[in-house]
Amino acid sequence: MRTIPRLLCLCLFCLPAMAQKKNETFQLHIRRTATPVKVDGIIDDAGWQQADTATNFYMILPMDTSYANVRTDVRMTYDAQHLYLLVENYNALPGPYMVESLKRDFAFLKNDNFLLFMDPFDDQTNGFSFGANAAGAQWDGLMYDGGKVDLSWDNKWTSVVKNYPDKWVFEASIPFKTIRYKKGISKWGINFGRNDLKTTEKSSWAPVPRQFPSASLAYTGVLVWDVPPPDPGPNISIIPYLLGGINKDYAAGTKNNYRREAGVDAKIAVTSSLNLDLTVNPDFSQVDVDKQVTNLDRFELFYPEKRQFFLENGDQFTNFGYATLRPFFSRRIGLGVPIRFGARLSGKLNRNWRMGFMNMQTAKDESLGLPAQNFTVAALQRRVFARSNVGFLFINKESLNYTPDNPSEKPLYSRYNRNLGLEYNLASANNFWTGKALLLKSASPGKSGHDWAQAANLQYTSRTWNIGWQHEYVGRNYNAEVGYVPRQGYIKLVPQVTRLFFPKTGPVLSHGPQVISTSFYDEHMKRTDNETMLSYAIVFRKRNTLTAWASNNYIKLLLPFDPTNTGKDSLPTGSQHNWNTVGVDYVSKPQSLFTYSFSGRYGGYYADGTRTTLGTELGYRFQPYVSIALSTTYNDIRLPQPWGNNKFWLVGPRLDVTMTNTLFFTGFMQYNEQLKNMNLNTRFQWRYRPASDLFIVYTDNYLPAPFYVKNRALVLKLVYWLNI
């Protein structure tokens, strides 16, 4: 087995990666305007008459072999403080535009929209994205990994969308203080993307192969400045908040608990490309609640981070590793205890070097015996070849003034936990080859030997083929207390192959099979788990999709497990289980007012039982103000005694009302039969000025029968963004 990791790592480092930028010849020249630009969606400013135009977009979908049918014209200019963008999105077919709502950071595929992808360092890896849908809802995010966009990033900028009979116009003003860039650089990577649902066409200015997202920074063109962009000057933002609230725990019978809190965040530009974030007594009460699932898994479930402080430039920390092998997972910080203060220094040192440093301090909890803890995370990344990089990560979790040896009925916590990581990320110049090689080492009291992890993957992606290999080794004593590593002591092998076919005519755009096999072995290479899946996917020209699949599962339990996760008896360690399953998934075309999806599976389960799962997602939009969604999952599990027959419903209706693009209301209810809980969360948000908000959040938890209130909370929070 040792030869496979060595050969794979050799391939990762030796694949040719040096090449000229693919779309270097696509250049848009930008010149400074001598007259003011008014952001109103009306093309009457003198600066726009003198600006160059980017036009003749290329089609990405349905097929990337021609110019786009929809016409899009883009112009850019700037002054001493702002970068300006003007986009004319022309109609190709009559009829209304398709949008979900006026809510920020909309779903790309469900809206007529225009997006800007900007790479100020032209490193084809990191950048910024700004845009809007046809109704004026804003989109902004940080770009990372060469083509992904983190929409949790939020900053100050303004835009207007104005509709005309033959087009819709998007005009935006982005302060130079909002973005990070290096002084003196006069060429930025840039691309523009358009999604038009009436024609089902996705297009971009600089051509992008259809197998990659339009956000792929490997295929950006060049924004050529007449002179290097201006120095944004001192850039300090102070963001205080005031909070008042009340909550009551009816189940525990406690009195009302009143909240009167205040805190502050600060953003300080150390350089034009390096930012210092500070926070004192942060609060995240306005963050969206997690979407619940019926938990039939043997291991801990993953819920994504949604707290904004941890997200800006957070990819350096959180993307280290793989989905189930992450040495750092920020939700481990402040889990059930308040964060007192924290600091993060992150950004670019130059075109080749990127760094991140974070330190967070949490409070102690006497009732749990939990000590105050300090979390330090440091990351350093060096660009190599065309788009690849080498990264280093250090994590330290320290319990302060804590002696866990004292006898006590309270839980014991570790005095410290440390992790060191080294990672090589491969991304070829044309993005066809991607991969990763990773080595991790942990240090904890009382644990030594088998306390390291190693993993690697290599993937080839062309228009017709997707071929990949991944393996992982995690020692039985590897310990990542600030990470997400749900199992230890295993070797994992994952080969997969996908082949696509493209009919020249007819309703089908592409179709093809995929085979993927996931196997787990213990440290002595004895198999403990395997799932082999064969699927066949069909993508229609209207963008609706249909997938049918079949799988075979084998599991040898390493620990006792209750197959219903309801607290009943457990299957014994060492018991072996094997079953087959078939399933089907369908997603409707996104350009309808009514959208839906359906999934179903039927097959075996643990202890020679059976499992039937049905799921639906229904959505209807009253453009552009109201969006209604309903998600439902039903599980019917039939097992021998003592488990018997178990039926679990999970129902989650959601209502989004966007009165304007600054006034939002969200209502979200979740009924989870497995947990015997009903949760209601409502949130009102008023963005009374850019990046400044008033939130009113109401939360209820009920016992479904006899409809007993478990706990209830109401919070009012005011946030103000002040630039100094």
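Now for a quick tour of the structure. (Residues numbered from 1 in each chain as written. Predicted model: local features only at pLDDT ≥ 70, side-chain atom pairs only at ≥ 80, totals over all residues. Heavy atoms only, no water.)

Before going further, it helps to examine the environment of Ser367. In this fold, Ser367 is placed in the loop between strand 19 (353-362) and strand 20 (373-384). Look at Ser367 and you get exposed, because its relative accessible area is 57%. When the C-alpha positions of Ser367 and Lys410 are compared, they lie 8.2 Å apart, and in sequence the two are 43 residues distant. At a separation of 2.5 Å, a polar atom in the side chain of Ser367 contacts the side chain of Asp365. (Helix = DSSP H or I, 4+ residues; strand = E, 2+ residues; numbered from the N terminus. Buried < 20%, exposed > 50% of the residue type's maximum accessible area, 1.4 Å probe, protein only. Polar contact = N/O pair within 3.5 Å; in protein donor to acceptor, adjacent residues only side chain to side chain.)

On inspection of all chains with the given rule, the structure shows 40 salt bridges. A salt bridge links Lys167 to Glu88; its shortest N-O distance comes to 2.6 Å. Of this pair, Lys167 sits in strand 11 (residues 167-175) while Glu88 is found in strand 5 (residues 82-90), placing the two residues 79 residues apart along the sequence. Taken individually, Lys167 and Glu88 each receive the classification buried, so the pair is uniform in this respect. Of the charged contacts in the structure, one is a salt bridge between Lys397 and Glu481, with a shortest N-O distance of 3.2 Å. (Salt bridge = Lys/Arg side-chain N within 4 Å of Asp/Glu carboxyl O.)

With that settled, the discussion passes to the pairing of strand 31 (residues 594-605). Sheet analysis places strand 30 (residues 576-587) next to strand 31, joined by seven bridges and oriented antiparallel. If you follow Thr581 over to strand 31, its bridge partner there is Gly603. Counted between consecutive antiparallel strands, the loop separating strand 30 from strand 31 contains six residues. With 12 bridges connecting them, strand 31 and strand 32 (residues 609-622) associate as antiparallel partners. (Pairing = 2+ DSSP bridges.)

Here we come to the nonpolar core. Formed by 40 residues in total, the largest nonpolar core has its most connected members in Leu85, Phe114, Phe170 and Phe192. Broken down by element, the residue count for this core peaks at four residues, all from strand 11. Counting residues in hydrophobic clusters, the runner-up holds 27 residues, among them Ile333, Met360, Leu393 and Tyr478. (Core = buried A, V, L, I, M, F, W, Y, C linked by side-chain atoms within 4.5 Å.)

A few words now on unusual backbone geometry. Geometrically, the link from Gln623 to Pro624 is a cis peptide bond, its omega value of -15 degrees lying close to zero. Mapped onto the elements of the fold, Pro624 is located in the loop between strand 32 and strand 33 (626-638). Residue Pro642 follows Gln641 across a cis peptide bond; omega there is 15 degrees. Phi is positive for Asn431, which is not a glycine, with a value near 70 degrees. Looking at the secondary structure, you find Asn431 in the loop between strand 22 (416-427) and strand 23 (433-443). A relative accessible area of 14% places Asn431 in the buried class. Despite not being glycine, Arg543 shows a phi value in the positive range, around 75 degrees. Judged by relative accessible area, Arg543 falls into the buried class, the value being 14%.

On the secondary structure map, Gln591 appears in the loop between strand 30 and strand 31. Considering only alpha carbons, one finds Gln591 and Lys110, 481 residues apart in sequence, at a separation of 6.7 Å. Beyond its immediate stretch of four places on either side in the chain, Gln591 contacts Met98, Leu197, Thr200, Lys542 and Arg621. Here the side chain of Gln591 touches Lys542 through a polar contact of 3.3 Å, landing on its backbone oxygen. (Contact = heavy atoms within 4.5 Å.)

The description of an aromatic ring pair rests on the distance of the ring centres and on the angle between the ring planes. Taken as a whole, this structure holds 39 aromatic pairs when the rule is applied. With a centroid separation of 5.5 Å and 55 degrees between ring planes, the pair formed by Phe128 and Trp153 is classed as tilted. Here Phe128, found in strand 7 (residues 127-133), pairs with Trp153, found in the loop between strand 9 (148-150) and strand 10 (158-163); they are 25 residues apart in sequence, far enough to count as distant. Side by side, Phe128 and Trp153 carry an identical accessibility label, which is buried. Members of the aromatic cluster, joined through ring pairs, are Phe26, Tyr58, Tyr67, Phe114, Phe170, Phe192 and Trp205. The positively charged end of Lys436 is found above the aromatic ring belonging to Tyr322, 5.2 Å away from the centroid. The positively charged end of Arg487 is found above the aromatic ring belonging to Phe520, 4.0 Å away from the centroid. (Phe/Tyr/Trp six-rings, centres within 6.5 Å; stacked < 30°, edge-to-face > 60°. Lys NZ or Arg CZ within 6 Å of the ring centre and 35° of its normal.)

Function cannot be inferred from these measures alone, as they are strictly geometric.
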